[in-house]
Amino acid sequence: MVRFAVILGSVRPASVGAPVAQWVARKASTVEGVQADVITLAELGLPFFAEPVPPSLAAPTDPAGAAWNERLAAYDGVVIVTPEYDHSVPGVLKNAIDFLRPGVLAYKPVGLVGYSYYNGIRPLEHLRDILSGFDVSFVNPEVLLSLRADFTEGAFTPAAYHEDEVPAMVRAMVARSQALASLR
Ligand SMILES: Cc1cc2nc3c(=O)[nH]c(=O)nc-3n(C[C@H](O)[C@H](O)[C@H](O)COP(=O)(O)O)c2cc1C
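Please read all numbers here as calculations on a predicted model, not as lab measurements.

Asks: For this particular structure, what's the right way to read the overall build of the protein chain?
Replies: Check the secondary structure of the protein chain and you find six helices and eight strands. In sequence order, the protein chain lays out its α and β elements as β-α-β-α-α-β-α-β-α-β-β-β-β-α. By the compact-globule yardstick of 16 Å for 184 residues, the protein chain fits well, its C-alpha radius of gyration being 16 Å. For the protein chain, the spread of C-alpha atoms along the three principal axes comes to 45 × 35 × 25 Å. Taking the intrachain contacts of the protein chain between residues at least 6 apart in sequence as the baseline, contacts between residues at least 24 apart amount to 80%.

Asks: What am I meant to see in the packing of aromatic side chains here?
Replies: Any pair of aromatic rings gets described here by the distance separating the centres and the angle formed by the planes. Following the criterion strictly, the structure yields three aromatic pairs and no others. Their ring planes at 80° and their centres at 5.1 Å tell us that W23 and F156 sit as a pair that is edge-to-face. Within this pair, whereas W23 is found in helix α1 (residues 17-28), its partner F156 is found in strand β8 (residues 155-156), the two being separated by 133 residues in sequence. Residue W23 shares its accessibility class with F156, and that shared class is buried. With a relative accessible area of 15%, F156 lands in the buried category. Ring-pair connections join several aromatic residues into one group, and the members of that group are W23, F151 and F156. Of note, R122 hangs over the ring of Y118, and the distance from its end group to the ring centre comes to 5.2 Å.

Asks: Explanation requested: the pairing of strand β3 (residues 77-83) in the structure shown.
Replies: Within a regular strand, the side chains alternate between the two sheet faces. Among the seven residues that make up β3, seven are buried, leaving the element largely enclosed by the rest of the structure. Every second residue of β3 is oriented toward a common face, with G77, V79, V81 and P83 on one face and V78, I80 and T82 on the other, all of them buried. Relative to β3, strand β1 (residues 2-8) is paired through five bridges, and the arrangement is parallel. Within β3, the position partnered with L8 by the bridge is V81. Handedness of the β-α-β unit built from β3, helix α4 (residues 91-98) and strand β4 (residues 109-116) comes out right-handed.

Asks: Is there a simple way to explain helix α3 (residues 63-73) in this structure?
Replies: Every α-helix carries 3.6 residues per turn, so stepping three or four residues along brings you back to the same face. Looking only at α3, the buried set comprises A64, G65, W68, N69 and L72. Along the axis of α3, the buried positions cluster into a sector of 140°, meaning they face one direction only. Projecting away from the buried face of α3 at angles above 90 degrees are the exposed residues P63 and E70. The inward-facing, buried residues of α3 contact β1, β2 (34-40), α2 (41-44), β3 and α4.

Asks: Help me out: how do you make sense of the site of the ligand in this one?
Replies: Neighbouring the ligand are 15 residues, the closest being S10, R12, S15, Y85 and Y115. S10 places a polar side-chain atom, nitrogen or oxygen, 2.7 Å from an oxygen atom of the ligand. In this structure, E84 approaches the ligand through a side-chain N or O atom, which is 3.2 Å from a nitrogen atom. Isolated, the ligand exposes 610 Å² of accessible area, and the fraction of that covered by the protein chains is 75%. The residue inventory of the shell around the ligand, partitioned by class, reads seven nonpolar, five polar and three charged.

Rules and cut-offs
Residues numbered from 1 in each chain as written. Predicted model: local features only at pLDDT ≥ 70, side-chain atom pairs only at ≥ 80, totals over all residues. Heavy atoms only, no water. Helix = DSSP H or I, 4+ residues; strand = E, 2+ residues; numbered from the N terminus. Rg over C-alpha atoms; globule rule 2.2 N^0.38 Å. Contact = heavy atoms within 4.5 Å. Phe/Tyr/Trp six-rings, centres within 6.5 Å; stacked < 30°, edge-to-face > 60°. Buried < 20%, exposed > 50% of the residue type's maximum accessible area, 1.4 Å probe, protein only. Lys NZ or Arg CZ within 6 Å of the ring centre and 35° of its normal. Pairing = 2+ DSSP bridges. Right-handed = clockwise from strand over helix to strand, strands pointing away. Arc of directions from axis to C-beta. Near = heavy atom within 4 Å. Polar contact = N/O pair within 3.5 Å; in protein donor to acceptor, adjacent residues only side chain to side chain. Areas by Shrake-Rupley, 256 points an atom, 1.4 Å probe, with all protein chains shown as cover. Nonpolar A, V, L, I, M, F, W, Y, C, P; charged D, E, K, R; others polar.

See the structure below:
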């Protein structure tokens, strides 16, 4: 069994991303041998990052930060589902990433799902930069959702062409995970 975490990058109680993350996990779990769990940043209870040293040098002293690292380390890869805030990722998502020790994600596949009025492309591009020091392996199939075309009066109603996108992305993640297993 390959286990992937689906991380939602918004903590707004009325986040339109909540049903998106559930949809991603459900679709991911249709791929044979895959288990996908949603992790919302809100449930982690992370403070603003204020550690004495960077996580690349030592594990976070904050208990929530330490627990976040341990929790993610148990997964074989992650799918990040993020909205676009001010042409980038939400600060809460960047803050959660700041807490991570690089080894937690090293040689693991990362899939990306973005949503905004402009298909969430910009936060995904920024995530590729932000995670560039983590030795992650991004897969190329991405899921780009439009607040105009894939939502109806706030409800998530993905267009038909998105139907197989998550399974395609997750199949690529499984292959990458297997290929990189000897490096982890
Ligand atoms: C602080 C903030 C900044 C935003 N900036 C952008 C933006 O740059 N581009 C965009 O298309 N939408 C932007 N939006 C709209 C969000 O994409 C939209 O509100 C979306 O529902 C937010 O995701 P969430 O509901 O999961 O928090 C912004 C929203 C917020 C709250």
